[in-house]
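Structure at a glance
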Amino acid sequence: MKNNKLDTKTIAIMAIYCALFVILDRVSDALNLFKMASGGKLNFGPIALLICSYHLGWKKGALIGVVSVFLQLVIGSVSWYGFASFLLDYLIAYAAYGIASLFPNFSYFYSGVLVTSLIRLLSSTLAGTIVWETPLWGSFIYNASYMIPTTVCAIIAVPLLCERLKPLMERYR
């Protein structure tokens, strides 16, 4: 069972995950891979949010997902076009990564990575349909073009990193 108290150590660990998210988001910007003209890119930042969920549980993971959105807003890496865009493209999309630990792991396949990536894809697809008035399939194809590489990277990286970090995660729980 995960520890639900917010002591100084837990807050410090949560801050480290936020910082790691920002760093990985900036590395993604610098690499400029699969970057779309109207927003969206291959992003390594969700890897930090997913590991946070597996380490600290879904409640703290979802909280860190929301905090990471506001950090993106502060550092200027958010491109939003009204409330619906902000809610669907950022708040729901990134908070969803925090619930990854609710889904079962099968050896080295962490189903939560796939499920939460699909939630983000659905949320961003809805944003494209509502905000940009793009047909559903057009929005889906646009968002899938960068979400599929992001998901593949996470499906590979998260189990490997979680296994390597397991001793630290158990020690600092």
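The following refers to the structure shown. The model shown is predicted, which means the values in this text are computed figures rather than measured ones.

Details of the overall build of the protein
Per the secondary structure count, the protein includes 6 helices and 2 strands. Reading the helices (α) and strands (β) of the protein from amino to carboxyl end gives α-α-α-α-β-β-α-α. The C-alpha radius of gyration of the protein comes to 16 Å, within 12% of the 16 Å expected for a compact globule of 173 residues. Principal-axis analysis of the C-alpha atoms gives the protein an extent of 50 × 35 × 30 Å. The burial tally for the protein puts 44% of its 173 residues in the buried class. Across the protein, every contact between residues at least 6 apart in sequence was considered, and the portion connecting residues at least 24 apart equals 66%. Within the structure as shown, the protein displays about 9,000 Å² of accessible surface, and the carbon and sulfur contribution to it stands at 72%. Each charge sign in the protein was given a centre, from 13 positive and 7 negative side chains, and these centres are 10 Å apart.

Remarks on the packing of aromatic side chains
Summed over the entire model, instances satisfying the criterion amount to 9 aromatic pairs. Residues Y94 and Y97 carry aromatic rings whose centres are separated by 6.1 Å and whose planes lie at 55° to one another, so their mutual orientation is tilted. For Y97, a relative accessible area of 1% puts it in the buried group. Taken together through their ring pairs, the aromatic side chains of F21, F70, F86, Y90, Y94 and Y97 make up a single cluster.

Observations concerning the pattern of salt bridges
Overall, the coordinates contain 4 salt bridges when judged by the stated rule. A salt bridge links R26 to D29; the nearest nitrogen and oxygen atoms lie 3.4 Å apart. Placement of the pair is R26 and D29 together in helix α1 (residues 8-31), with a separation of 3 residues, close to one helical turn. A residue is classified by how much of its surface remains accessible, and R26, at 36% relative accessible area, is partly exposed. Among the ionic contacts, a cluster of salt bridges with common partners joins D25, R26, D29 and K41.

Some thoughts on helix α5 (residues 111-131)
Turn by turn, an α-helix covers 3.6 residues, leaving residues three or four places apart pointing in a common direction. Taking 1.5 Å of rise per residue, 21 residues should cover 30 Å, and α5 covers 30 Å from first to last C-alpha, within 8% of that figure. All buried positions along α5 are accounted for by S111, G112, V113, T116, S117, R120, L121, S123, S124, T125, A127 and G128. In the core, the buried residues of α5 are packed alongside α2 (45-56), α4 (83-96), β1 (105-106), β2 (109-110) and α6 (136-171). Immediately downstream of α5, the backbone of E133 shows phi near 55°, a positive value.

With respect to the environment of W80
Residue placement: W80 occurs in the loop between α3 (58-75) and α4. Note: C-alpha distance between W80 and D29 (51 residues apart in sequence) is 17 Å. Residues in contact with W80, not counting those within four places in the same chain, are L73, S85, F86 and Y90.

Notes on the nonpolar core
The nonpolar side chains of a soluble globular protein tend to be buried with one another. Ranked by size, the top nonpolar core spans 37 residues in total, and within it Y54, Y94 and V158 carry the most contacts. Counting residues per element, the ones that place at least two in this core are α1, α2, α3, α4, α5 and α6. Leaving out residues up to four positions away in the same chain, V158 has contacts with I47, L50, I51, Y54, Y110 and V113.

Some thoughts on the state of the cysteines
This model, assessed by the stated rule, comprises 0 disulfides. For C52, which is in no disulfide, the shortest distance to another cysteine sulfur is to C18 and amounts to 7.5 Å. By relative accessible area, C52 is classed as buried at 0%. The thiol sulfur of C153 is not disulfide-bonded, and the nearest other cysteine sulfur, from C162, lies at 15 Å.

Some points on α2
Here α2 contains 12 residues, and its C-alpha end-to-end distance of 17 Å stays within 8% of the 16 Å for a straight helix at 1.5 Å per residue. Where burial is concerned, most of α2 is hidden: 12 out of the 12 residues are buried. Taken together, the buried positions of α2 are occupied by G45, P46, I47, A48, L49, L50, I51, C52, S53, Y54, H55 and L56. The first or second residue beyond α2 is G57, which carries a positive phi of 100°.

What counts as what
Residues numbered from 1 in each chain as written. Predicted model: local features only at pLDDT ≥ 70, side-chain atom pairs only at ≥ 80, totals over all residues. Heavy atoms only, no water. Helix = DSSP H or I, 4+ residues; strand = E, 2+ residues; numbered from the N terminus. Rg over C-alpha atoms; globule rule 2.2 N^0.38 Å. Buried < 20%, exposed > 50% of the residue type's maximum accessible area, 1.4 Å probe, protein only. Contact = heavy atoms within 4.5 Å. Areas by Shrake-Rupley, 256 points an atom, 1.4 Å probe, with all protein chains shown as cover. Lys, Arg positive; Asp, Glu negative; His and termini not counted. Charge placed at Lys NZ, Arg CZ, Asp CG, Glu CD. Phe/Tyr/Trp six-rings, centres within 6.5 Å; stacked < 30°, edge-to-face > 60°. Salt bridge = Lys/Arg side-chain N within 4 Å of Asp/Glu carboxyl O. Expected span 1.5 Å × (residues − 1). Core = buried A, V, L, I, M, F, W, Y, C linked by side-chain atoms within 4.5 Å. Disulfide = S-S within 2.5 Å.

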